[in-house]
Structures are given as structure tokens and as C-alpha cells.
Amino acid sequence: MIETLERNTGRVADDLSASGLLASIKTSRQVEHAEAARQLDLAARWADLHPPESIHSAATFTTPGCEHEEPIAGQGTPLVAEFCIAELGGVLGMSSTSAKKLIGQALELRHRLPRLWAQVHAGVVPAWKARTVAETTIHTVPALTVEAAAHVDAQVAAVAGRIGPAQLDRLVADTIKRYDLAHPDPAADPEDGYLHVDPRHATLRDEDVHFAGTMRFEAELDIADALDVNNAVARDAETQKALGSTESLDVRRSKALGNLARTQTALDLTIDAAPQIGGRVAGEERAGASRPDLRSGHPASPAAREVVIHAHFDSRFDGVQTVFGPTGRIEEGQRLVLLDQVKAWCGDSHTKVTIKPVIDLNAELSAPGYEIPARIREQIILRDRTCVFPYCTRPARRTDVDHIVEYDHQAEAEGRPQPGPTTTSNLACLCRFHHRLKTHSAWTYRMVARGVFEWTSPHGHRYRRDRHGTSPISPDVPPEPPARP
């Protein structure tokens with residue numbers, strides 16, 4: 001009776017025993033793995049439906065900016081017509097970049113890692129583990145040949161996917177050496193073959209921001225570089241303590257890394273250290289500038305490269321002064337920032353503060369002609385925040401500003417009204433990929449309210465995109481009328 005209830009309703013009965021709950025959650029996990037494997041298969045089949053031959057006009061291969069064939073997995077996997085990626089991402093509620101990864105990993109598994117692919121569909125290896133292996137074999141440098149990928153496949157399948165990241169890296173390094181992919185110097189030490197997979201990196205983990213307004217930065221360095229950085233950080237931390245800092249050693253070492261980024265050392269404390277705050281609150285350091293050391297009269301080291309931070313805070317006027325909220329948003333990474341942090345940056349004696357005029361996001365701005373003036377471009381960037389394609393998170397400052405209704409360059413000469421004027425209500429931020437997609441495919445969109453867009457895919461799926469994100473629109477909901485200026 002309990003099992004029947006679970007099958008019919010998809011819910012767990014309230015009167016399950018402890019063993020019954022364990023059995024139920026085990027079944028749920030098995031279903032989850034089976035569905036993940038099925039999604040991989042469907043993603044590969046979606047790619048099968050969109051080979052390069054599906055791009056209707058052969059001219060598109062030679063027309064700049066149009067759709068082209070996309071290699072999204074390793075050697076030996078089929079090419080895909082690039083615009084099909086966005087349609088799949090939309091129905092899955094993910095960005096085009098994530099959809100590209102899913103399709104690429106599915107093709108990599110099916111064509112280059114067939115043993116692992118079979119184990120996924122047999123329920124032996126979870127799909128997420130297989131996707132991790134596929135992501136590694138796709139992006140290995142130097143690239144793995146079909147034969148080399150087959151060797152990795154055989155080794156991983158032999159242990160049913162039970163391989164960790166370090167073991168996988170070692171296996172790939174062994175494979176590169178086995179198949180002589182890097183062509184090492186014959187006179188070199190054979191053990192140096194492991195260096196063909198270079199583990200060095202410096203990565204900002206900006207997926208989440210701590211409530212204290214911090215981010216995690218991870219790095220894998222050359223031994224000599226790591227020791228040099230550690231020594232510089234240790235010296236700076238000791239200098240901070242000698243100057244009266246009561247913060248913990250970890251905090252002082254963390255601040256020392258920031259000082260290094262600004263070319264500030266323990267022996268030169270007069271270099272511009274804090275970012276300039278401007279815009280709504282935007283910060284920058286001027287590249288190439290240097291100041292004399294006021295204590296010695298000698299020129300200080302050059303300031304670091306220009307760094308611009310755009311931060312936004314809600315504010316209100318209490319009758320006496322403007323009051324800002326305690327937390328704001330940094331455009332770079334769409335992350336939170338504390339008002340106290342910005343005050344600290346501004347309070348540094350070496351900070352140059354620039355105040356820029358506030359742009360009214362509700363104003364309807366327009367300009368004659370096709371070119372978009374800087375003030376209108378800034379308004380659109382601030383309004384949209386990111387590319388406005390469904391689920392895209394590309395920051396608006398790294399996008400194109402698109403005329404939603406195409407600008408007609410012949411209208412004025414022929415005495416016709418301009419159908420796509422350069423005005424706030426006809427402009428939106430689109431990253432270069434989605435700009436091309438809108439221009440050269442059947443995707444369409446309209447602005448239905450200020451900063452609110454309704455997209456329709458070639459297969460008729462509809463999405464509503466605003467500054468808070470994307471939501472699919474039910475087929476039963478009629479289209480909204482376009483926004484009026």
C-alpha cells in the first residue's frame with residue numbers, strides 16, 4: 001500500500017519506518033541517476049539533429065557573424081550547428097554556455113569514451129562522474145587523439161569511474177607520454193613527461209560571496225614562485241603588525257596579497273593602494289602614474305594597472321541627507337558589497353574619488369541616427385545589468401547594445417519613418433553570441449515593459465527576462481503587447 005502510494009503520487013508516505021525511508025531515498029537517487037543519463041543521451045541526439053548540414057544556406061559559412069559549425073568536444077566527435085545550443089539551454093533553464101558543455105560532454109562520452117558511456121546507461125557510473133572525465137579529456141593540453149582518449153576510457157571504465165581528480169590528472173599525463181603527444185625532448189628526464197599536464201592556475205572563486213564581503217582566490221604556482229609569494233606576504237604581514245595592526249595573522253596575510261596586487265611592498269607604503277571610487281560608486285587606479293615618497297623625496301613605484309569597480313546602492317533622502325543602504329551590488333560578477341567596505345576604500349588617503357552624474361533609468365533617451373551615444377549606452381547597461389537573452393549572465397559592460405527593432409539605414413533617404421530608432425525603449429544589451437543569434441536565426445524578442453523582455457525560440461518556447469532573471473512562459477499565456485515609450 002505504501003509503495004503504491006509513492007508510485008502514484010511521487011511523495012513519501014508519512015508513516016514510513018527508518019528502513020523504509022532509507023529504501024525510498026535510495027530509489028530516488030537511482031531515478032535521479034537514470035534521468036541524468038537519459039538527459040545525456042537526449043543532448044547527444046539533439047546534436048545529431050543539428051549537424052553543420054542543417055545550416056540552410058552554405059553562404060553562412062563565409063558570411064562573417066552568421067551561424068557556423070561548432071567543435072564542442074574532442075577529435076573524432078561530430079560538429080554541431082552552433083545556434084541549436086541556445087534552444088536546448090532555454091528548455092533546460094540554463095545558459096547557452098552550460099548547454100554547450102552538456103552537449104559537448106555527451107558527444108565526448110558517446111564517441112570517444114564509449115565504455116564509460118555504456119556504464120552510465122547501465123547505472124554503474126553516475127552521469128556527473130562521467131561528465132567530469134569527459135570535461136577533462138575535452139580540454140586536455142595537448143589535445144588527446146582518438147586512440148589516447150580510448151586509453152583513458154579503458155582505464156576509467158576498468159574501475160567503474162571510481163577515480164579522483166588527482167588520479168585522473170595522473171592518468172591523462174601518463175596517456176600523453178604513452179602516445180608521445182607532447183613530443184618531449186628525447187634527452188630530457190622521462191619523469192618530466194608528467195609536466196605536460198600543467199597544473200598551474202590562479203582562479204577567483206566568485207560563485208559566492210561571504211557575508212563579510214570576501215571572495216576565495218586559489219592558485220597553483222611554480223615552487224619558486226610560491227616561495228617568493230609566501231615570503232612577500234609574510235614580510236607584509238609582519239610590517240602591518242609593526243605598524244600597529246591588531247588583526248589576526250590570516251587577515252594580515254590576506255591584506256598583503258591585495259597589497260601585492262597593487263605593487264605595494266612592505267618597504268614602500270606610499271603607493272596608491274585603494275581603488276578610486278566613481279560612477280554610482282566606481283573605482284579605478286590610474287596606470288603608469290607614480291607619486292614621490294613624501295618621506296624620502298624619491299619616486300614611488302608605478303601604480304598598478306587601472307582597476308574599475310562599479311558598485312550600486314539603494315538610497316533615500318531623509319529630509320537632511322542621502323542615506324544609503326548597508327549592502328550594494330558590484331557589477332563585476334554581480335556580487336554583493338558592503339557600504340562599509342566602500343567607505344574604507346574612499347577613506348584611504350591615497351584614493352582619488354570621482355563622482356559621476358546619476359543616470360535616471362526611467363528616462364526615455366533618444367538620439368538621431370544609428371550610433372548610440374555614451375550616455376544612452378550607460379543607461380542601457382545600468383538598466384539591463386547582463387545580456388538579456390534567457391539565462392545569460394554575461395555582464396552588460398561586455399555586451400553589444402542592440403536595436404531590438406532593426407534600424408533602417410535607408411528610411412531617411414527614402415522619406416519613410418524610422419522603424420528602429422535609437423531610443424531607450426528600442427535598445428537592449430546582448431552578448432556577441434546572442435546578438436548574432438538574434439540577427440541570423442528565428443529567435444525573436446520584444447520589450448514588453450521597461451527592462452522586461454519576452455523571447456520566442458524557433459520552436460515556439462517563450463521566456464520572460466527581466467533584471468531578476470528568466471522565467472518560462474506557459475503556452476496558455478497570451479503574448480504581452482510591446483512597451484510604449
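Residues numbered from 1 in each chain as written. Predicted model: local features only at pLDDT ≥ 70, side-chain atom pairs only at ≥ 80, totals over all residues. Heavy atoms only, no water.

1. Comments concerning the overall build of the protein
Logical step 1: When helices and strands are counted, the protein shows 13 helices and 18 strands.
Logical step 2: When each of the 485 residues of the protein is scored for burial, the buried share is 37%.
Logical step 3: At a minimum sequence separation of 6, the contacts of the protein that also span at least 24 residues come to 54%.
Logical step 4: With an accessible surface of roughly 28400 Å², the protein has 55% of that area assigned to carbon and sulfur atoms. (Helix = DSSP H or I, 4+ residues; strand = E, 2+ residues; numbered from the N terminus. Buried < 20%, exposed > 50% of the residue type's maximum accessible area, 1.4 Å probe, protein only. Contact = heavy atoms within 4.5 Å. Areas by Shrake-Rupley, 256 points an atom, 1.4 Å probe, with all protein chains shown as cover.)

2. Details of the pattern of salt bridges
Logical step 1: Taken as a whole and assessed by the stated rule, the structure comprises 17 salt bridges.
Logical step 2: Glu35 is paired through a salt bridge with Arg38; the nearest N and O atoms lie 3.8 Å apart. Residue Glu35 and its partner Arg38 are located together in helix H2 (residues 18-48), separated by three residues, close to a single helical turn.
Logical step 3: Taking the relative accessible area as the measure of exposure, Glu35 reaches 39% and is therefore partly exposed.
Logical step 4: Classification of Arg38 by relative accessible area gives partly exposed; the value is 48%. (Salt bridge = Lys/Arg side-chain N within 4 Å of Asp/Glu carboxyl O.)

3. Thoughts on the packing of helix H3 (residues 84-92) against helix H4 (residues 96-112)
Logical step 1: One way to put it is that H3 packs onto H4 with a least axis distance of 8 Å and a crossing angle of 105°. Relative to H4, H3 is oriented roughly perpendicular. Contacts between H3 and H4 involve Ile85, Ala86, Leu88, Gly89 and Leu92 from the first element and Ser96, Ala99, Lys100, Leu102 and Ile103 from the second.
Logical step 2: For the contact of H3 with H4, the per-class residue count stands at seven nonpolar, two polar and one charged. (Axes fitted to C-alpha atoms, helices over the stretch in contact; angles between N-to-C directions. Parallel < 35°, antiparallel > 145°, perpendicular 65-115°, else oblique. Nonpolar A, V, L, I, M, F, W, Y, C, P; charged D, E, K, R; others polar.)

4. Considering the confidence of the model for the protein
Logical step 1: Confidence in the prediction for the protein averages 80 pLDDT; 76% of positions are at 70 or higher.
Logical step 2: Below pLDDT 50 for its whole length, residues 184-196 participates in 12 contacts with residues either more than four positions away or in separate chains. (pLDDT = per-residue confidence, 0-100.)

5. Some thoughts on the nonpolar core
Logical step 1: By size, the foremost hydrophobic cluster in this structure holds 37 residues, and its most contacted members are Leu40, Ile103, Leu107, Leu109, Leu116, Val120 and Val156.
Logical step 2: Secondary structure elements with two or more residues in this core: H2, H3, H4, helix H5 (114-121), helix H6 (127-139), helix H7 (146-158) and helix H8 (165-178).
Logical step 3: Contact partners of Val120, with chain neighbours within four places excluded, come to Ala37, Leu40, Val125, Pro126, Ala127 and Ala130.
Logical step 4: Grouped together as the second largest cluster of nonpolar side chains are 18 residues, Ala86, Ala428, Cys431 and Leu437 included. (Core = buried A, V, L, I, M, F, W, Y, C linked by side-chain atoms within 4.5 Å.)

6. Some details on the sheet that holds strand S15 (residues 444-449)
Logical step 1: Strand order across the open sheet formed by four strands is S15-S16-S17-S18, with antiparallel pairing between neighbours. Only two strands of the sheet have a single partner each, and these edge strands are S15 and strand S18 (469-473). Along the sheet, successive strands turn relative to each other by an average axial angle of 25°, direction set aside.
Logical step 2: In the sheet, strand S17 (residues 462-466) pairs with S18 via five bridges, with the strands oriented antiparallel. What sits directly across from Asp466, in S18, is Gly469. (Pairing = 2+ DSSP bridges.)

7. Comments concerning the pairing of S17
Logical step 1: Sheet analysis places strand S16 (residues 452-456) next to S17, joined by four bridges and oriented antiparallel. Paired with Thr456 across the two strands is Arg462, which belongs to S17.
Logical step 2: Connecting the antiparallel pair S16 and S17 is a turn made up of five residues, with Gly460 showing a positive phi of about 90°.
Logical step 3: Adjacent in sequence and paired antiparallel, S17 and S18 are bridged by two residues.

8. A closer look at the side chain of Glu87
Logical step 1: You can see Glu87 is positioned in helix H3.
Logical step 2: No salt bridge is formed by the buried Glu87, whose closest oppositely charged neighbour, Arg462, lies at an N-O distance of 12 Å. (Lys, Arg positive; Asp, Glu negative; His and termini not counted.)

9. Looking at H8
Logical step 1: With 14 residues, H8 extends 20 Å between its outermost C-alpha atoms, agreeing within 8% with the 20 Å of an ideal straight helix rising 1.5 Å per residue.
Logical step 2: Looking at H8, one finds that the buried residues are Leu168, Leu171, Val172, Ala173, Thr175 and Ile176.
Logical step 3: Against H6 and H7 lie the buried residues of H8.
Logical step 4: Where H8 terminates, the next one or two residues include Asp180, which has phi positive at roughly 55°. (Expected span 1.5 Å × (residues − 1).)

10. Structural notes on a nonpolar patch on the surface
Logical step 1: Taken together, the side chains of Leu221, Val229, Leu257 and Leu260 define a hydrophobic patch exposed on the protein surface, amounting to about 290 Å² of accessible area.
Logical step 2: Examined against the element boundaries, Leu260 turns out to sit in helix H10 (residues 249-261).
Logical step 3: When its relative accessible area of 35% is taken as the criterion, Leu260 is described as partly exposed. (Patch = residues over 30% accessible without salt bridge, like charges linked within 9 Å, V, L, I, M, F, W, Y side chains within 5 Å.)

11. Brief notes about the state of the cysteines
Logical step 1: As enumerated under the stated definition, the model contains zero disulfides in all.
Logical step 2: Considering cysteine sulfurs only, Cys387 is the nearest to Cys392, which forms no disulfide, with 3.7 Å between them. (Disulfide = S-S within 2.5 Å.)

12. Quick notes on the packing of aromatic side chains
Logical step 1: Within this structure, the stated rule accounts for nine aromatic pairs.
Logical step 2: The interplanar angle of 70° and the centroid separation of 4.9 Å between the aromatic rings of Phe389 and Trp455 together place this pair among those described as edge-to-face. Within this pair, whereas Phe389 is found in the loop between helix H12 (374-384) and strand S12 (400-403), its partner Trp455 is found in strand S16, the two being separated by 66 residues in sequence. A single burial state applies to Phe389 and to Trp455, both of which are buried.
Logical step 3: The interplanar angle of 40° and the centroid separation of 6.0 Å between the aromatic rings of Tyr445 and Phe453 together place this pair among those described as tilted.
Logical step 4: Residue classification places Tyr445 among the buried residues on the basis of a relative accessible area of 6%.
Logical step 5: Through a chain of ring-to-ring contacts, the aromatic side chains of Phe389, Tyr391, Trp443, Tyr445, Phe453, Trp455 and Tyr463 assemble into a single cluster. (Phe/Tyr/Trp six-rings, centres within 6.5 Å; stacked < 30°, edge-to-face > 60°.)

13. Brief notes about the environment of Gln39
Logical step 1: With respect to the helices, strands and loops of the structure, Gln39 is situated in helix H2.
Logical step 2: Of the residues examined, Gln39 reaches a relative accessible area of 42% and is grouped as partly exposed.
Logical step 3: Through-space distance from the C-alpha of Gln39 to that of Leu102 is 9.0 Å; in sequence the pair is 63 residues apart.

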